Amino acid sequence: MCVNPKSMGKEARNSPKKDLCLVQLRIVNIPSTDLMKKINIAIDGYSSCGKSSTAKVIAKHLGYAYIDTGAMYRAVTLYFLEHYVSLSDAHAVHKALQEIELKFMLNPKSNNSEIYLNGLNVEQEIRKMYISENVSEVSAIVEIRKDMVAQQQRMGRKLGVVMDGRDIGTMVFPDADLKIFMTADVTVRAERRQKELLEKEELVEIQKVIDNLKHRDHIDTNRTEGPLRKAEDALEIDTTFITFDEQVDIILSLAMSKILLN
Ligand code: DC
């Protein structure tokens, strides 16, 4: 299934079916309560499709925990770069993993959960371009993936988690009640990513961002362990032509249907 309101023709958008769509979206206004069934929501997809920002808002709306698994791989990459750990040295990789402690903690100012590497907040540092340029190679290492997946599964044991990444619906939570697979045109993704970098005062030319996204997509899709794949039961959402609010509304209404109707 592919949900993309912009791909509807003008007629369809103005037809009574549109009202159906609006009725469905109204569901999001029902606040979730502690008495409601909790589910895990897996959001996978290519780099810079808007997975993290969407997942964050959905988690806030549902009162769920948000886990950015990309941040975990980025923090491991930062540690490996800072400690000159060679990816081809299995012993060094194993030792480094034992020395790494990752934690998410809520920043009360931004009300966002931020990642800590061995007690240090690295939320800003891991978003920089030099981390993006190295993270896919690091996250292709089998031992690193096994370690991260085990930690992520522990975080989701009690349900009530929105997790985004590349292998959440296939490896981390294969039984998740709701699985979303997000896609978008690579140029649109690159423009969004470039804007994010600029907001953090890092100016990167668009072609360099496009090349990095394509490179990461290639490695993420072709690695042997936990490759980026759409789970068979995932719903695909193409975000190329829809606004951020629209993508949030679509996923929230799907989540509320799972919570209320299952
Ligand atoms: O979501 P992101 O762009 O911040 O993720 C950074 C990298 O981490 C991405 O290029 C691939 C890797 N990753 C992964 O292999 N598996 C995940 N579950 C999440 C991210």
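Data block above holds the structure.
What you are looking at is a predicted structure, and each value in this text was computed from that prediction instead of being measured. (Residues numbered from 1 in each chain as written. Predicted model: local features only at pLDDT ≥ 70, side-chain atom pairs only at ≥ 80, totals over all residues. Heavy atoms only, no water.)

### A word on the packing of aromatic side chains
The description of an aromatic ring pair uses the distance of the two centres, along with the angle that the planes make with each other. What counts is decided by this rule: Stacked, edge-to-face and tilted are the three classes for Phe, Tyr and Trp ring pairs, Trp counted by its six-membered ring, which pair at centre distances within 6.5 Å; planes under 30 degrees apart are stacked, over 60 edge-to-face, the rest tilted. A run of H or I in DSSP counts as a helix once it spans at least four residues, and a run of E counts as a strand once it spans at least two, with each numbered from the N terminus. Partly exposed residues are those whose accessible area sits between 20% and 50% of the maximum for their type, while under 20% is buried and over 50% is exposed, using a 1.4 Å probe and protein chains only.
Per the counting criterion, the structure on display carries 1 aromatic pair. For the pair tyrosine 46 and phenylalanine 181, a centre-to-centre distance of 5.9 Å together with 80° between the ring planes defines the contact as edge-to-face. Of this pair, tyrosine 46 sits in the loop between β2 (40-45) and α3 (51-62) while phenylalanine 181 sits in strand β8 (residues 178-183), and the two are 135 residues apart along the sequence. Under the relative-accessibility criterion, tyrosine 46 is labelled partly exposed at 26%. Among the residues examined, phenylalanine 181 registers a relative accessible area of 5% and is labelled buried.

### Considering the pairing of β8
Worth spelling out the cut-off: Two strands form a pair only when DSSP identifies at least two bridges running between them.
With respect to burial, β8 is a largely interior element, 6 of its 6 residues being buried. The alternating pattern of β8 places Leu178, Ile180 and Met182 and Lys179, Phe181 and Thr183 on opposite faces, both of which are buried. Pairing of β2 with β8, which is carried by 5 bridges, proceeds in the parallel orientation. Residue pairing across strands places aspartate 44 opposite phenylalanine 181, the latter belonging to β8. As paired elements, β8 and strand β9 (residues 235-238) share 4 bridges and run parallel to each other. Among the inter-strand pairings, methionine 182 is bridged to a residue of β9, identified as isoleucine 237.

### Remarks on the sheet that holds strand β6 (residues 120-121)
Strand pairing within a sheet occurs via backbone hydrogen bonds; the two strands may be parallel or antiparallel. Convention followed: By the convention used here, residues are in contact when the closest approach between their heavy atoms is within 4.5 Å. Throughout, an axis means a line fitted to C-alpha atoms (over the contacting stretch in the case of helices), and angles, computed between N-to-C directions, take values from 0 to 180 degrees.
Ordered in space as β4-β5-β6, the 3 strands form an open sheet in which the pairing is antiparallel. Strands at the two margins of the open sheet, each flanked by one partner only, are β4 (102-107) and β6. Of the pairings in the sheet, the one linking strand β5 (residues 112-117) to β6 comprises 2 bridges and is antiparallel in character. What sits directly across from tyrosine 116, in β6, is asparagine 121. Its contacts with the sheet put helix α4 (residues 69-82) on β4 and β5, and the angle it makes with β5 is roughly 30°.

### Some details on the environment of glutamate 101
By the element assignment, glutamate 101 lies in the loop between α5 (90-99) and β4. Judged by relative accessible area, which is 40%, glutamate 101 ranks as partly exposed. For the pair glutamate 101 and leucine 117, spaced 16 residues apart in sequence, the C-alpha separation works out to 5.9 Å.

### Examining the environment of aspartate 167
Rules: Polar contact criterion, stated in full: a pair of N or O atoms within 3.5 Å, where within protein one must be able to donate a hydrogen and the other to accept it, and residues adjacent in sequence count only if both atoms are side-chain atoms.
Topologically, aspartate 167 is positioned in the loop between β7 (161-165) and α8 (168-172). Along the primary structure aspartate 167 and arginine 145 are separated by 22 residues, whereas in three dimensions their C-alpha atoms are 10.0 Å apart. A polar contact of 2.9 Å, which involves the side chain of aspartate 167, links it to the side chain of arginine 145.

### Observations concerning the site of the ligand
The test is simple: Near residues are defined by distance, with any heavy atom within 4 Å of the molecule or strand qualifying the residue. Here, Shrake-Rupley sampling with a 1.4 Å probe gives the accessible areas, and only protein chains in the shown set may cover a residue.
Taken together, 14 residues form the shell around the ligand, and within it Arg74, Arg145, Asp167, Arg216 and Arg223 come nearest. In the model, an oxygen atom of the ligand is placed 3.0 Å from a nitrogen or oxygen of the arginine 166 side chain. At a separation of 2.9 Å, an oxygen atom of the ligand approaches a polar side-chain atom of arginine 216. Contact with the protein chains removes 96% of the 450 Å² of surface that the ligand exposes when unbound. Looking at the shell around the ligand, the elements that each hand over two or more residues are α4, α6 (129-139) and α10 (206-222). The element that contributes the greatest number of residues to the shell around the ligand is α4, accounting for 4 residues.

### With respect to the nonpolar core
Here is the rule we go by: To define a nonpolar core, start from buried Ala, Val, Leu, Ile, Met, Phe, Trp, Tyr and Cys residues and group those joined through side-chain atoms within 4.5 Å.
The biggest cluster of nonpolar side chains holds 32 residues, and the ones touching the most others in it are Val76, Phe80, Leu102, Ile115, Ile144 and Met148. The set of elements that each furnish at least two residues to this core consists of α4, α5, β5, α6, α7 (142-155), β7 and α8. The dominant element in this core, judged by the number of residues it contributes, is α4, at 8 residues. Excluding residues that lie within four positions of it along the chain, leucine 102 makes contacts with Met72, Ala75, Val76, Ile115, Tyr116, Leu117, Met148 and Gln151.

### Re helix α11 (residues 244-261)
Let me state the cut-off plainly: Any helix carries an expected span of 1.5 Å times its number of residues minus one.
Here α11 spans 26 Å end to end across 18 residues, near enough to the 26 Å set by a 1.5 Å rise per residue. Among the residues of α11, Gln247, Val248, Ile250, Ile251, Leu252, Ser253, Leu254, Ala255, Met256, Ser257 and Ile259 are the ones counted as buried.

### Looking at the packing of α4 against α6
To keep it simple, the criterion reads: To sort the angles, those under 35 degrees are grouped as roughly parallel, those over 145 as roughly antiparallel, those from 65 to 115 as roughly perpendicular, and the leftovers as oblique.
Two numbers describe how α4 lies on α6: the axes approach to 9 Å, and their chain directions differ by 100°. Comparing their axes, α6 and α4 come out roughly perpendicular. Each of Tyr73, Arg74, Val76, Thr77, Leu78 and Leu81 in α4 lies in contact with α6, whose residues at this interface are Tyr130, Ile131, Ser132, Asn134, Val135, Val138 and Ser139.

Fair warning: the whole summary comes from geometry, so function is off the table for now.
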